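What the coordinates show
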Amino acid sequence: MAKIKIKQIGSPIRRPESQKKILIGLGLGKMHRIVEIEDSAEVRGAIAKLPHMVAIVD
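Along each chain, numbering runs from 1 in the same order as the chain's sequence is written. Only residues with pLDDT of 70 or above have their local features reported here, since the model is predicted, and side-chain atom pairs are shown and tallied only from 80 upward, although totals for entire chains, interfaces and linings are computed over all residues. The basis for the side-chain values is all heavy atoms of the structure; hydrogens and waters are excluded.

Below, the discussion takes up the side chain of Gln19. Inspection of the secondary structure assignment puts Gln19 in helix H1 (residues 17-26). For this analysis, a polar contact is any N or O atom pair within 3.5 Å, provided that within protein one partner can donate a hydrogen and the other can accept it, and provided that sequence-adjacent residues contribute only side-chain to side-chain pairs. Among the polar contacts listed, one links the side chain of Gln19 to the side chain of His52, at a separation of 3.4 Å. Each helix is a run of H or I in the DSSP string that is no shorter than four residues. Each strand is a run of E no shorter than two, and both are numbered from the N terminus.

Laid out in structure tokens, this is it:
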């Protein structure tokens, strides 16, 4: 499978608990952290729920 890099660009402070849990599920949690994970429909859905907090990096 292909892999994608995701960077956290927004802070989880003052965000709903569900958004914080999605960040942790993606392997993020601190600002400017970058993770490389498998590209799947579940991951794309999680990214779509947090467009203000994560970005896909080339």
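Turning to unusual backbone geometry, a few remarks are in order. Positive phi, normally seen in glycine, also occurs at Arg14, with a value near 60°. As for its position among the elements, Arg14 is in the loop between strand S1 (3-8) and H1. The backbone of His32 shows a phi angle near 65°, a positive value even though the residue is not glycine. Assignment of secondary structure puts His32 in the loop between H1 and strand S2 (34-38).

Moving on, we come to the nonpolar core. Each nonpolar core is a collection of buried residues, namely Ala, Val, Leu, Ile, Met, Phe, Trp, Tyr and Cys, held together in the definition by side-chain atoms within 4.5 Å. Burial here depends on accessible area, computed with a 1.4 Å probe over protein chains only, as a share of the maximum for the residue type. Under 20% is buried, over 50% is exposed, and the range in between is partly exposed. Ranked by internal contacts, the top residues of the largest apolar core, which has 13 residues, are Ile6, Leu26, Leu28, Ile37, Val43 and Val54. Elements supplying a minimum of two residues to this core: S1, H1, S2 and helix H2 (41-49). It is H2 that provides the largest number of residues to this core, a total of three residues. Discounting residues that sit within four places of it in the chain, Leu26 has contacts with Ile6, Val35, Ile37, Val43 and Ala46. We call two residues contacting when some pair of their heavy atoms lies within 4.5 Å.

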